[in-house]
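# A look at the structure
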Amino acid sequence: MAFADLNPLGALWQGRGLHCLLLPQDAPASCSLCREPTPGAPPAPKKKPAPAAAPHVRLAPAGAAPPRGMRTAPGYAARAAENEARQRARGERTGQKEQAAGPVQPALDRSAPARNEDAWRPLPPHAWPAPWQQRLAATRPGLVLWTYWKLGQDLEGLRDEGQAARRAFLQRLLADLGHPGGTHTFWPACLPTASALRSGSPTAAGDALAASPASSGAAAPHGMEGSAPCADAAANPDAFWSGVSRLGARGVVVMGSAAVKALALPGTLRPLQQTRHRGHLVWVLWDVDYLLHEEQRYAAMLAFLRRALRQVTRA
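All of the points below concern the structure found in this document. Since this is a predicted model, take the numbers as computed values, not measurements.

Scanning the protein chain from terminus to terminus reveals 14 helices and nine strands. Looking at the protein chain residue by residue over its 315 residues, the buried ones come to 33%. In the protein chain, of all internal contacts separated by at least 6 residues, the share reaching a separation of at least 24 is 75%. Summing over all exposed atoms, the protein chain offers an accessible surface of approximately 20400 Å²; the carbon and sulfur share of this is 57%.

Take a look at the structure:
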């Protein structure tokens, strides 16, 4: 195969910019558009491709520093040796300091309580005592869960002289908070015992209420008493906190020191304080029976709840 010039028949192709064709040497002249050689004329010399031009290299003047990014072999080796010597000296100094300080003592693990808290898991309802399973079936879910010591007997219909006053107080409090329906729910800190349910009258609870500081008008210790624990009610912290998770509550309002103790909360908690327990925010208030006789604390309690509940009630 070879390159050849076009003959006049290829003028149309020449006008289109075609000047040469690559055809087999044995192609017949009738099928070729190549120009036929003149008889006796020497063959056209073959054109040799021009050699590629050597790249232009600008020589640096004598004594000038090499361009940035270029390092001579001796300079690079010297710098590498210097860096290695520095690293070796730094490692020796570190080893000397560790030997002088003695063996490393393990750091105190201050996150152990947090890990224990995270290790707790709610119990499934079938593992609860039967009365708690029945109470769960009758309780609606809510974002904010309320509890106090006598809530169990109020929900079970065991009437005493303070039940109507407690109900009216809580209705007033929820109305003042102004949250939409379904925000709040009530889950008891303890439930009446079988004997109390059979008798239908919370005698021990009534005696405890009559002797409580709220009923007698005496000052309450820590300012949060009002309902004292009695033999007619039994607490179950595991069932309670499992129910909190089951009901979808984000926060729990605990009223009174008796409920605080029943739920295994820290005994150092005081009213208008916040903590976190078993994965839930917890706010501590005074007992309902105590607040019935302490109207001056209502405004402070309402302001505290409005600020605290924003954490769980906003979308």
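Another aspect to go through is the packing of aromatic side chains. A complete count under the given rule lists five aromatic pairs for this structure. Through successive ring pairs, a cluster of aromatic residues spans Trp-128, Trp-132 and Trp-187. Of note, Arg-172 hangs over the ring of Tyr-298, and the distance from its end group to the ring centre comes to 3.8 Å.

So, on to the sheet that holds strand 7 (residues 251–255). With mixed pairing, the five strands of this open sheet are ordered in space as 4-3-7-9-8. The open sheet has two free edges, formed respectively by strand 4 (184–186) and strand 8 (273–277), since each of these has just one partner strand. Along the sheet, successive strands turn relative to each other by an average axial angle of 25 degrees, direction set aside. With five bridges connecting them, strand 8 and strand 9 (residues 280–285) associate as antiparallel partners. Its bridge partner being in strand 9, Arg-276 is matched across the sheet by Leu-281.

What follows is about unusual backbone geometry. Positive phi, close to 65 degrees, is recorded for Leu-272, a residue that is not glycine. Of the residues examined, Leu-272 reaches a relative accessible area of 28% and is grouped as partly exposed. Positive phi is not limited to glycine here, since Arg-278 has a value of about 50 degrees. Its place among the elements puts Arg-278 in the loop between strand 8 and strand 9.

If you look at the biggest cluster of nonpolar residues, it comprises 25 residues, and the most contacted ones within it are Trp-146, Phe-169, Met-255, Met-301 and Leu-305. Going through the elements one at a time, strand 3 (144–148), helix 6 (163–177), strand 7, strand 9, helix 12 (288–291) and helix 13 (298–308) are the ones with two or more residues in this core. For this core, the element with the highest residue contribution is helix 13, accounting for six residues. With near-sequence residues (within four places) excluded, Met-301 lies in contact with Phe-169, Leu-173, Leu-272, Leu-285, Trp-286 and Leu-291.

The next subject is helix 13. Every α-helix winds through 3.6 residues per turn, so residues three or four apart in the chain are directed the same way. Along helix 13, the residues classified as buried are Tyr-298, Met-301, Leu-302, Phe-304, Leu-305 and Ala-308. Down the axis of helix 13, the sector holding all buried residues measures 165 degrees, keeping them to one side. For helix 13, the exposed residues set more than 90 degrees away from the buried face come down to Ala-299 and Arg-307.

Our next topic: the pattern of salt bridges. Inspection of the entire model under this criterion finds twelve salt bridges. Asp-160 is paired through a salt bridge with Arg-166; the nearest N and O atoms lie 3.2 Å apart. Each member of the pair, Asp-160 as well as Arg-166, is classed as buried. Residue Asp-289 is joined to Arg-166 by a salt bridge in which the shortest nitrogen-to-oxygen separation is 3.2 Å. With Asp-289 in helix 12 and Arg-166 in helix 6, the pair connects residues that are 123 residues apart, well separated along the chain. You'll find Asp-289 and Arg-166 in the same group, each marked buried. Three or more residues are tied together by salt bridges with common partners; here these are Lys-150, Asp-154, Asp-160, Arg-166 and Asp-289.

Relative to the helices and strands, Glu-294 is located in the loop between helix 12 and helix 13. Among the polar contacts made by the side chain of Glu-294, one reaches the side chain of Gln-296 at a distance of 2.2 Å.

A separate point is the pairing of strand 9. Across the six residues that make up strand 9, a large majority, six, are buried. Side-chain alternation along strand 9 places His-280, Val-282 and Val-284 on one buried face and Leu-281, Trp-283 and Leu-285 on a second face that is also buried. Counting the residues that bridge the hairpin from strand 8 to strand 9 gives two residues, and of these Arg-278 lies at a positive phi of roughly 50 degrees.

With that out of the way, let us pick up the packing of helix 6 against helix 13. The axes of two packed helices give the description: the angle between them and the distance between them. With their axes 10 Å apart at the nearest point, helix 6 and helix 13 run at an angle of 50 degrees to one another. With respect to helix 13, the axis of helix 6 lies oblique. The handedness of the crossing between helix 6 and helix 13 is right-handed. On helix 13, the residues that touch Phe-169, Arg-172, Leu-173, Asp-176 and Leu-177 of helix 6 are Tyr-298, Met-301, Leu-302, Leu-305 and Arg-306.

Rules used throughout
- Residues numbered from 1 in each chain as written.
- Predicted model: local features only at pLDDT ≥ 70, side-chain atom pairs only at ≥ 80, totals over all residues.
- Heavy atoms only, no water.
- Helix = DSSP H or I, 4+ residues; strand = E, 2+ residues; numbered from the N terminus.
- Buried < 20%, exposed > 50% of the residue type's maximum accessible area, 1.4 Å probe, protein only.
- Contact = heavy atoms within 4.5 Å.
- Areas by Shrake-Rupley, 256 points an atom, 1.4 Å probe, with all protein chains shown as cover.
- Phe/Tyr/Trp six-rings, centres within 6.5 Å; stacked < 30°, edge-to-face > 60°.
- Lys NZ or Arg CZ within 6 Å of the ring centre and 35° of its normal.
- Pairing = 2+ DSSP bridges.
- Axes fitted to C-alpha atoms, helices over the stretch in contact; angles between N-to-C directions.
- Core = buried A, V, L, I, M, F, W, Y, C linked by side-chain atoms within 4.5 Å.
- Arc of directions from axis to C-beta.
- Salt bridge = Lys/Arg side-chain N within 4 Å of Asp/Glu carboxyl O.
- Polar contact = N/O pair within 3.5 Å; in protein donor to acceptor, adjacent residues only side chain to side chain.
- Parallel < 35°, antiparallel > 145°, perpendicular 65-115°, else oblique.
- Left-handed = near helix turned anticlockwise from the far one by under 90°.

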